[in-house]
Amino acid sequence: MEIENYLIVPTAIARAVRASAQQNLYPDLPLFKEPPAEEELLRLVEEAVEASRDAVRRRLVNMIGKHARDQKLGWQPATVLEQAEAFLQQTWQGVVRYEWCDAKEIVLPRLREHIQSQYGLRLNDRDIVAALAEEEVPPDLREVVQSLAEFLE
């Protein structure tokens, strides 16, 4: 999982977009549109996550293929593809998808582009981090941040 995957928290993204709309300095301009409703934002996140499924499949095929070669398993490409597809089928469910999706190259850029083009609003990583509620920060990330803070003391 890459660090950007920690930002795929749909409710935090919705709060970040609403905060961006509230900070808009020129709400009377003709280009300004009302921010999307939370349900629309949640749908956009889901669409962006699903759009990364093929990229995840390719990454899994490469990882499993490398593992098979390293272990000298003698798997044919079809077997590697079957193994990747089986793993993807098993893990690509619910919020676990947020850990596997390509947040850096597909999900976040797609969300940013849509929110900018359709609503004239910015969405950056800092905004999402600021919108995260404490309970939305995963324990492993919280532990890393605490360790860094202790190290810097």
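What you are looking at is a predicted structure, and each value in this text was computed from that prediction instead of being measured.

Student: Break down the overall build of the protein for me, citing the residues and quoting the values.
Tutor: What the protein contains, in helices and strands, is eight helices and zero strands. A globule of 153 residues ought to have a C-alpha radius of gyration of about 15 Å, yet the protein, at 19 Å, is considerably larger. Overall size of the protein, expressed as C-alpha extent along the three principal axes, is 65 × 45 × 20 Å. Taking all contacts inside the protein whose residues are at least 6 apart in sequence as the whole, residues at least 24 apart take part in 75%. If you sum the accessible surface of the protein, you get close to 10000 Å²; carbon and sulfur atoms cover 54% of it. If you average the places of the 18 positive and of the 27 negative side-chain charges in the protein, the two averages end up 6 Å apart.

Student: Account for the pattern of salt bridges, naming residues and giving values.
Tutor: Inspection of the entire model under this criterion finds 10 salt bridges. Measuring nitrogen to oxygen at the nearest pair gives 2.6 Å for the salt bridge that ties Lys66 to Asp70. Of this pair, Lys66 and Asp70 both sit in helix H3 (residues 53-70), four residues apart, which is roughly one turn of the helix. For Lys66, a relative accessible area of 46% translates into the label partly exposed. Several salt bridges converge on common partners, so that one network encompasses Glu40, Arg43 and Glu47.

Student: Lay out the confidence of the model for the protein with the relevant residues and their values.
Tutor: A low pLDDT score tells you not to read the predicted coordinates there in detail. Averaged over every residue, the pLDDT of the protein is 90; the share at 70 or more is 93%. Taken element by element, the predicted model of the protein shows its lowest mean pLDDT in helix H8 (residues 139-152) (87) and its highest in H3 (96).

Student: Explain the packing of aromatic side chains residue by residue, including any values.
Tutor: Taken as a whole and judged by the stated rule, the model has one aromatic pair. With centroids separated by 5.1 Å and ring planes inclined at 75°, the aromatic side chains of Phe87 and Trp100 adopt a geometry described as edge-to-face. With Phe87 in helix H4 (residues 77-91) and Trp100 in helix H5 (residues 96-100), this pair connects stretches of sequence that are 13 residues apart.

Student: Before we move on, can you summarise the nonpolar core with the specific residues and values?
Tutor: Inside soluble globular proteins, nonpolar side chains tend to come together where they are buried. Counting 34 residues, the largest nonpolar core has Ile8, Val49, Leu111 and Leu123 as its most contacted members. Listed by contribution, the elements that provide at least two residues to this core are helix H1 (10-22), helix H2 (38-51), H3, H4, helix H6 (103-119) and helix H7 (125-131). Beyond its immediate sequence surroundings of up to four residues, Leu123 is in contact with Ile13, Ala16, Val17, Leu111, Arg112, Ile115 and Ile128.

Student: So what's going on with the environment of Asn5? Residues and values would help.
Tutor: With respect to the helices and strands, Asn5 occurs in the segment before H1. Sequence-wise, Asn5 and Ala103 are 98 residues apart; in three dimensions their C-alpha atoms are separated by 5.3 Å. Each residue touching Asn5, except ones within four places of it in the same chain, is listed here: Tyr98, Glu99, Trp100, Cys101 and Ala103.

Student: Mind laying out the environment of Ala12, listing which residues take part and the relevant values?
Tutor: Tracing the sequence through the fold places Ala12 in helix H1. Judged by relative accessible area, which is 0%, Ala12 ranks as buried. Between the C-alpha atom of Ala12 and that of Asp102, which follows or precedes it by 90 residues, the distance is 18 Å. In contact with Ala12, not counting residues within four places along its chain, are Ile128, Ala131, Leu132 and Glu136.

What counts, and at which threshold
Residues numbered from 1 in each chain as written. Predicted model: local features only at pLDDT ≥ 70, side-chain atom pairs only at ≥ 80, totals over all residues. Heavy atoms only, no water. Helix = DSSP H or I, 4+ residues; strand = E, 2+ residues; numbered from the N terminus. Rg over C-alpha atoms; globule rule 2.2 N^0.38 Å. Contact = heavy atoms within 4.5 Å. Areas by Shrake-Rupley, 256 points an atom, 1.4 Å probe, with all protein chains shown as cover. Lys, Arg positive; Asp, Glu negative; His and termini not counted. Charge placed at Lys NZ, Arg CZ, Asp CG, Glu CD. Salt bridge = Lys/Arg side-chain N within 4 Å of Asp/Glu carboxyl O. Buried < 20%, exposed > 50% of the residue type's maximum accessible area, 1.4 Å probe, protein only. pLDDT = per-residue confidence, 0-100. Phe/Tyr/Trp six-rings, centres within 6.5 Å; stacked < 30°, edge-to-face > 60°. Core = buried A, V, L, I, M, F, W, Y, C linked by side-chain atoms within 4.5 Å.

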